[in-house]
Amino acid sequence: MTRDGCDGIAVGVPYSDELLRGAVLGFSGKGGTLIWKVSGSNDGDRFGTSVAAIADHDGDGFDDLIVTADPVSKHGITHGRGAVVLSGSSGRIIATCESAARSIERIGDVNADGCRDILLAPAGDNDDARAFTICSGSDLAPIRSYRRRAAVASGLVTSQLEDCDGDNIPDF
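Values in this document were obtained by computation on a predicted structure and should not be read as measured data.

Caption draft 1: Main features of the nonpolar core. One finds Ala52, Ile54, Ile66, Ala83, Val85, Cys97, Ile104, Ile118, Leu120, Cys135 and Leu140 forming the largest nonpolar core, which totals 11 residues. Contributing elements (two or more residues each) for this core: β4 (50–54), β6 (83–86) and β9 (118–121).

Caption draft 2: Highlighting the sheet that holds strand β3 (residues 34–39). Read from one edge of the open sheet, 3 strands run β1-β2-β3, paired in antiparallel fashion. Two strands close off the open sheet at either side, each with one partner strand: β1 (9–13) and β3. Adjacent strand axes in the sheet meet at a mean angle of 15°, parallel and antiparallel pairs treated alike. As judged from the 5 bridges shared by β1 and strand β2 (residues 23–27), these two strands associate in the antiparallel manner. When the bridges of β2 are listed, Ile9 appears paired with Phe27.

Caption draft 3: View of the sheet that holds β4. Spatially, β4-β5-β6-β7 is the arrangement adopted by the 4 strands of the open sheet, whose pairing is antiparallel. Edge positions in the sheet fall to β4 and β7 (93–97), since each of these pairs with one other strand and no more. Direction aside, neighbouring strands of the sheet carry axes that sit 25° apart on average. Bridge count for β6 against β7 is 4 bridges, and the pairing is antiparallel. Note that in β7 the partner of Val85 across the bridge is Ala95.

Caption draft 4: Fine view of the confidence of the model for the chain. Across the chain, the average pLDDT comes to 76, with 70% of residues at 70 or higher. When the criterion is pLDDT under 50, residues 73–79 qualifies, and its contacts beyond four places in sequence or with other chains add up to 11 contacts. Under a pLDDT of 50 for its full length, residues 149–157 has, in the predicted model, 18 contacts with residues more than four places off or in other chains.

Cut-off values and rules
- Residues numbered from 1 in each chain as written.
- Predicted model: local features only at pLDDT ≥ 70, side-chain atom pairs only at ≥ 80, totals over all residues.
- Heavy atoms only, no water.
- Core = buried A, V, L, I, M, F, W, Y, C linked by side-chain atoms within 4.5 Å.
- Buried < 20%, exposed > 50% of the residue type's maximum accessible area, 1.4 Å probe, protein only.
- Helix = DSSP H or I, 4+ residues; strand = E, 2+ residues; numbered from the N terminus.
- Pairing = 2+ DSSP bridges.
- Axes fitted to C-alpha atoms, helices over the stretch in contact; angles between N-to-C directions.
- pLDDT = per-residue confidence, 0-100.
- Contact = heavy atoms within 4.5 Å.

Right, here's the structure in full:
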């Protein structure tokens, strides 16, 4: 986040205010100084529910961040902008990924473009919660989406495995 020789720290604070808009805070790794803050745009967004470092998308030499908001309001109405990519150095919104998600995991290079890809998984017990999307780590384009037909809710946590089936693509 800064060129002080220490990795910066990003913290998601989904319950940062009484309107549950949420925020992500970027701190200097050396001194702990607040560098930037990005707040959710809608009441109930819970922006910062999940935060993960990804490749440098804006070319400033710093890893960027992918951040989720809660895709469903307290009234059950889907809103928000899905996952958002923030500049690791400034907090500026670089891109949005329309796949709503509550859980983010950097996984292996599924599409063989040289960049680790991203698994976005929602959570809950509705139909959307039974799907997850893999997005390209280089341009955030959806690579694959999966839907489960079982009447079981997805969890809040995802994890990468090694290549279990020998196809040279990391499994998850």
